[in-house]
Amino acid sequence: MPTNPDEPYYCSQQINIPPDLPDILKQFTKAAIRTQPTDVLAWSAAYFRNMAKGELPPVKERLEIPLVTQRTDTGLTPGILRVLNKQLGPKEKVTVAQIEEKWMDLSLPKEQFDDLIRISGLTGQIEWNRFLALASSLLTDNITDTMRVICETLTVDPEGGPARISYGVFKDLYQFLAHIDGEISEAQISEVLSYLQSDVEKQDGKVMPRNFIHASCPPLS
């Protein structure tokens, strides 16, 4: 009963609950548990903003348990990288502002984003795959592991599969990262790419991590 006689009295029969609300809240809760955002309020705002626009929200496919060997000091994880790729990959070319918006939605460090843009020299409309390649390097300590992460992120193979990507994409991103590294010679790059050609011909133009981590493959760096 209301303490003030002038206050309106409501009973449960008078409160209309939108029929979609329980399912919306259930899906939101599941998404938050899977994604484990560091800033729940900022992530929630981004989640519902994307849903309202009919865009993919910043949600991981499953709860992610970091591996012992995985770098965790960057804020970025393979799962978050896949989220970004699902949101921005279909566009192929995106603006720096579009990447920054999605980056901040996931509460990733702004200074880290600024460093990646500065190092890459990418401006204006940029190829998403190139930014993804550079971001992948935050998760590893060498270019071989970075290329493995790239393959696992861009592949259409099921998780745990061979993680194949097209040779053209591999070649472009490997050369891009090698040139940014600055200590990998053109001769070494050519040697790696030449070695992979025989595998590519047998694999319908695809490359997989097993090819370039094989003992007989020339070192990528």
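Note: the structure precedes this text.
Description of the structure in this document. Just so we're clear, the structure is a prediction, and the values are computed from it rather than from any experiment. (Residues numbered from 1 in each chain as written. Predicted model: local features only at pLDDT ≥ 70, side-chain atom pairs only at ≥ 80, totals over all residues. Heavy atoms only, no water.)

This brings us to the overall build of the protein. Tallying secondary structure elements over the protein gives 10 helices and four strands in all. Along the protein, helices and strands appear, N-terminal first, in the series α-α-α-β-α-α-β-α-α-β-α-α-β-α. On C-alpha atoms alone, the protein measures out to a radius of gyration of 22 Å, which is more than a quarter above the 17 Å that the 2.2 N^0.38 rule sets for 221 residues. Its C-alpha atoms give the protein principal-axis dimensions of roughly 85 × 35 × 30 Å. Across the 221 residues in the protein, those meeting the buried criterion constitute 41%. Summarising the internal contacts of the protein: among those between residues at least 6 apart in sequence, 57% fall at separations of at least 24. Of the accessible surface of the protein, which amounts to about 12,900 Å², a share of 54% is contributed by carbon and sulfur atoms. (Helix = DSSP H or I, 4+ residues; strand = E, 2+ residues; numbered from the N terminus. Rg over C-alpha atoms; globule rule 2.2 N^0.38 Å. Buried < 20%, exposed > 50% of the residue type's maximum accessible area, 1.4 Å probe, protein only. Contact = heavy atoms within 4.5 Å. Areas by Shrake-Rupley, 256 points an atom, 1.4 Å probe, with all protein chains shown as cover.)

What follows covers helix H6 (residues 128-136). Across the nine residues that make up H6, a large majority, seven, are buried. For H6, the full list of buried residues reads Trp128, Phe131, Leu132, Ala133, Leu134, Ala135 and Ser136.

Attention shifts here to the packing of helix H2 (residues 40-53) against helix H4 (residues 96-105). The N-to-C vectors of H2 and H4 enclose an angle of 130°; their axes lie 9 Å apart at closest approach. The orientation of H2 relative to H4 falls into the category oblique. Along its contact with H2, which presents Trp43, Ala46, Arg49, Asn50 and Lys53, the element H4 presents Glu101, Lys102 and Asp105. Its residues assigned to classes, the contact of H2 with H4 comprises two nonpolar, one polar and five charged. (Axes fitted to C-alpha atoms, helices over the stretch in contact; angles between N-to-C directions. Parallel < 35°, antiparallel > 145°, perpendicular 65-115°, else oblique. Nonpolar A, V, L, I, M, F, W, Y, C, P; charged D, E, K, R; others polar.)

Relative to the 21 Å expected for 15 residues at 1.5 Å per residue, helix H1 (residues 21-35) spans 21 Å between its end C-alpha atoms, a close match to the ideal helical length. Inspection of H1 places Phe28, Ala31, Ala32 and Thr35 among the buried residues, and these make up the whole buried set. All buried residues of H1 project into a common sector of 100° when viewed along the axis, lining one side. Here the buried face of H1 lies against H2. (Expected span 1.5 Å × (residues − 1). Arc of directions from axis to C-beta.)

Throughout the structure, instances matching the rule amount to 14 salt bridges. With a closest N to O distance of 3.9 Å, Arg49 and Glu101 form a salt bridge. Taken as a pair, Arg49 in helix H2 and Glu101 in helix H4 lie far apart in primary sequence, 52 residues in all. The partly exposed category is assigned to Glu101, whose relative accessible area is 34%. Note that Arg164 and Asp157 form a salt bridge whose closest N and O atoms lie 2.7 Å from each other. (Salt bridge = Lys/Arg side-chain N within 4 Å of Asp/Glu carboxyl O.)

Turning to the nonpolar core, a few remarks are in order. Here is a general trend for soluble globular proteins: nonpolar side chains tend to be buried in one another's company. Counting 56 residues, the largest nonpolar core has Leu76, Trp103, Phe131, Met147, Phe170 and Tyr174 as the members making the most contacts within it. It is helix H8 (residues 167-181) that contributes the most residues to this core, seven residues altogether. Residue-level mapping places this core at the junction of two domains, with at least three residues from each of domain 1 (21-62 + 75-139) and domain 2 (142-220). The residues touching Phe131, leaving out its near neighbours within four places in the chain, are Ile99, Trp103, Phe113, Leu116, Ile117, Leu122 and Ile126. (Core = buried A, V, L, I, M, F, W, Y, C linked by side-chain atoms within 4.5 Å. Domains from an automatic or database assignment.)

This paragraph deals with the packing of aromatic side chains. Considering all chains together, one arrives at 11 aromatic pairs under this definition. Geometrically, the ring pair formed by Trp103 and Phe113 is tilted, given 5.9 Å between the ring centres and 50° between the ring planes. Taken together, the positions of Trp103 in helix H4 and Phe113 in helix H5 (residues 110-120) put the pair 10 residues apart, joining distant regions of the chain. As far as the burial class goes, Trp103 and Phe113 line up, both buried. Aromatic side chains Phe113 and Phe131 sit 5.8 Å apart centroid to centroid with 50° between the ring planes, which places their arrangement in the tilted category. One end of the pair, Phe113, is in helix H5; the other, Phe131, is in helix H6, with 18 residues separating them in the sequence. Judged by its relative accessible area of 0%, Phe131 is buried. Aromatic ring contacts, followed pair by pair, group Phe28, Trp43, Tyr47 and Phe48 into a single cluster. (Phe/Tyr/Trp six-rings, centres within 6.5 Å; stacked < 30°, edge-to-face > 60°.)

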